[in-house]
Amino acid sequence: MAHPVAPVSPPLKDDLDIVIPTIRNLDFLAMWRPFFEPYHLIIVQDGDPTKTIRVPEGFDYELYNRNDVNRVLGPRVSCISFKDSACRCFGFLVSKKKYIFTIDDDCFVAKDPSGKEINALAQHIQNLLTPSTPLFFNTLYDPYRDGADFVRGYPFSLREGVPTAISHGLWLNIPDYDAPTQLVKPRERNSSTGRYVDAVMTIPKGSLFPMCGMNLAFDRELIGPAMYFGLMGDGQPIGRYDDMWAGWCAKVICDHLSLGVKTGLPYIWHSKASNPFVNLKKEYKGIYWQEEIIPFFQSVLLPKECTTVQKCYIELSRQVKEKLGPLDPYFQKLGDAMVTWIEAWDQLNSPAQQAAANKKNESTPSTKSSILFGVTY
């Protein structure tokens, strides 16, 4: 007599939140339903808080608009950007899960060269649950993937690797270009048959990278306080550098705390190119400033007393104000916002808050309302 097969629970179902910043109805979720429906969504609505955002039936979610952000953070709300996808980091702040996956609402399910749909979330989870190798490069890339291993000459003392804090995914169709590159390559597309690279690699210690927030996952317990997307958008002199800023800060801190960052798989399908002229207006100061910002991050040294992400980030904020402040007053303001962000993080992620959230989760059935702050829609 055959025994019934027990259903297999999706990986990290109770340990991962999906954070989505948006200004529009989330019809794109219909395509992601087979992969996202078992998980909890945190939706951060940017722009007009009176606008109703439609979410397809069947998803378990919390939705926060600007009024909610103001109420939750009170005097510390100034650290959350407005009219910019950097608002997503509010979702990182209020989550109580160990892992975060964040995706933009113009990103769809991609297909690999064989035509199979890619479960991007599952690949990110695999990346995060296996170690990274930032101290010595493996020429077969990620040695923890099925069918791979460490190559001859790789030191055995380093094969244990380090915990993976960030998994950075890539994109098919529309590349993630800055405005000048968009203007000179308006028709360039990345196809699964032409440019799909079946690889995951660890970014070496000491190397920075341009982090894109549209297809990104991270271990919130390991690196969450550093995943602050800065002051961007409305009222700020710069935009479209929010994820870059978070990536530079997080990578410096990962290197200091012996944590790893992986990039490569998974791919998502980036459906539309944003207007390069609008982008140029948002980016032009960043394009100029980055020639000073990158050398700054390359030279950052964090003292050994910085043993937590929060301590590292506060020290980094001090150095930002001291060394980048003379470049433009914006960096003084940004340095202050970095401190405010850590204060907000500690406020909403205290042991007492975490215990209360866990108790509420255990006693309250899944709904389309906030389990933390009583926001009901």
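None of the values given here were measured: they were computed from a predicted structure.

A. Structural context of the overall build of the protein. Regarding its fold elements, the protein presents eleven helices and nine strands. Over its C-alpha trace the protein gives a radius of gyration of 20 Å, about what one expects of a compact globule, namely 21 Å for 377 residues. Considering only intrachain contacts with a sequence separation of at least 6, the fraction spanning at least 24 residues in the protein is 74%. Entry remark: accessible area of the protein is about 17300 Å², with carbon and sulfur atoms responsible for 56%.

B. Summary view of the environment of Pro134. The residue Pro134 is located in the loop between helix H4 (120–129) and strand S6 (164–173) in this model. Filtering out sequence-adjacent residues up to four positions away, Pro134 remains in contact with Val162, Thr202, Ile203, Pro204, Lys205 and Leu259.

C. Examining the packing of helix H9 (residues 309–324) against helix H10 (residues 330–348) more closely. Contact pair H9 / H10: the axes reach a minimum separation of 8 Å and the direction vectors enclose 165°. With respect to each other, H9 and H10 are oriented roughly antiparallel. Note that H9 runs across H10; the crossing there is left-handed. Side by side, H9 and H10 meet where Gln310, Tyr313, Ile314, Leu316, Ser317, Val320, Lys321 and Leu324 of the first sit next to Phe331, Gln332, Gly335, Asp336, Met338, Val339, Trp341, Ile342, Trp345 and Asp346 of the second. Residue composition of the contact of H9 with H10, grouped by class: eleven nonpolar, four polar and three charged.

D. View of the packing of aromatic side chains. Within the structure shown, the criterion is met by 22 aromatic pairs. Relative to Phe108, the ring of Phe28 lies with its centre 6.4 Å away and its plane at 85°, an arrangement referred to as edge-to-face. Here Phe28 is found in the loop between strand S1 (16–22) and helix H1 (29–36), whereas its partner Phe108 is found in strand S5 (residues 107–108), with 80 residues between them in sequence. Taking relative accessible area as the criterion, Phe108 reaches 25% and is therefore assigned partly exposed. Put simply, the rings of Tyr241, Trp245, Trp248, Trp289, Phe296, Phe297, Tyr330 and Phe331 touch in pairs and so form one group of aromatic residues. Of note, Arg159 hangs over the ring of Phe156, and the distance from its end group to the ring centre comes to 3.8 Å.

E. Representation of the layout of surface pockets in the model. Here the largest pocket is characterised by a volume of approximately 1200 Å³. Contributing to the lining of the largest pocket are 43 residues, with Ser85, Asp104, Arg240, Ser274 and Asn279 lying nearest its centre. If you tally residues by element for the lining of the largest pocket, the top one is helix H8 (residues 276–299), at six residues. For the lining of the largest pocket, the residue count by class is 18 nonpolar, nine polar and 16 charged.

F. Representation of the nonpolar core in the model. Grouped together as the largest cluster of nonpolar side chains are 68 residues, with contacts concentrated most on Leu73, Phe90, Ile166, Ile223, Trp245, Tyr313 and Trp341. Looking at which element gives the most residues to this core, the answer is H10, with ten residues. Those residues within four positions of Ile166 in sequence are excluded, and the remaining contacts are Leu128, Met211, Leu216, Ala217, Phe218, Ile223, Met227, Ala250, Cys254, Gly260, Val261 and Lys262. Leu12, Leu16, Tyr61 and Ile268 belong to the second largest nonpolar core, which has 32 residues in total.

G. Seen up close, the pattern of salt bridges. Counted according to the given criterion, the structure contains 19 salt bridges. Notably, a salt bridge pairs Arg318 with Glu322, separated by 2.8 Å at the nearest N-O pair. Within this pair, Arg318 and its partner Glu322 are both found in helix H9, separated by four residues, close to a single helical turn. According to the relative accessible area criterion, Arg318 is partly exposed, its value standing at 43%. Overall, Glu322 belongs to the partly exposed group, its relative accessible area being 47%. Two residues, Asp336 and Lys321, come together in a salt bridge whose shortest N-O distance is 2.6 Å. One end of the pair, Asp336, is in helix H10; the other, Lys321, is in helix H9, with 15 residues separating them in the sequence. Several salt bridges converge on common partners, so that one network encompasses Lys98, Asp219 and Glu221.

H. Main features of a nonpolar patch on the surface. A cluster of nonpolar residues, Leu183, Val184, Phe277, Leu280 and Tyr284, forms a patch on the protein surface that exposes about 510 Å² of accessible area. Contributing elements (two or more residues each) for the nonpolar patch: helix H5 (179–184) and H8. Looking at the nonpolar patch element by element, the count peaks at three residues for H8. Mapped onto the elements, Phe277 comes out in helix H8. Residue classification places Phe277 among the exposed positions, given a relative accessible area of 61%.

I. Summary view of the state of the cysteines. The tally for this structure, following the rule as stated, stands at zero disulfides. Cys89 supplies the cysteine sulfur nearest to Cys87, a cysteine that is in no disulfide, at a spacing of 7.8 Å. In this structure Cys107 is not part of a disulfide, and its nearest cysteine sulfur, from Cys212, lies 7.4 Å away.

J. Here's a closer look at unusual backbone geometry. The omega angle of the peptide bond from Leu265 to Pro266 is 10°, so this bond is cis rather than trans. With respect to the helices, strands and loops of the structure, Pro266 is situated in strand S9 (residues 260–270). Positive phi outside glycine occurs at Arg240, with the angle close to 65°. Looking at where Arg240 falls in the secondary structure, it is placed in the loop between helix H6 (220–223) and helix H7 (242–257).

What counts, and at which threshold
- Residues numbered from 1 in each chain as written.
- Predicted model: local features only at pLDDT ≥ 70, side-chain atom pairs only at ≥ 80, totals over all residues.
- Heavy atoms only, no water.
- Helix = DSSP H or I, 4+ residues; strand = E, 2+ residues; numbered from the N terminus.
- Rg over C-alpha atoms; globule rule 2.2 N^0.38 Å.
- Contact = heavy atoms within 4.5 Å.
- Areas by Shrake-Rupley, 256 points an atom, 1.4 Å probe, with all protein chains shown as cover.
- Axes fitted to C-alpha atoms, helices over the stretch in contact; angles between N-to-C directions.
- Parallel < 35°, antiparallel > 145°, perpendicular 65-115°, else oblique.
- Left-handed = near helix turned anticlockwise from the far one by under 90°.
- Nonpolar A, V, L, I, M, F, W, Y, C, P; charged D, E, K, R; others polar.
- Phe/Tyr/Trp six-rings, centres within 6.5 Å; stacked < 30°, edge-to-face > 60°.
- Buried < 20%, exposed > 50% of the residue type's maximum accessible area, 1.4 Å probe, protein only.
- Lys NZ or Arg CZ within 6 Å of the ring centre and 35° of its normal.
- 1 Å grid on protein atoms, 1.4 Å probe; cavity = no way out; pocket = protein on both sides within 12 Å on 5 of 7 lines; lining within 4 Å.
- Points joined across faces, edges and corners; volume = space filled by probe spheres on them.
- Core = buried A, V, L, I, M, F, W, Y, C linked by side-chain atoms within 4.5 Å.
- Salt bridge = Lys/Arg side-chain N within 4 Å of Asp/Glu carboxyl O.
- Patch = residues over 30% accessible without salt bridge, like charges linked within 9 Å, V, L, I, M, F, W, Y side chains within 5 Å.
- Disulfide = S-S within 2.5 Å.

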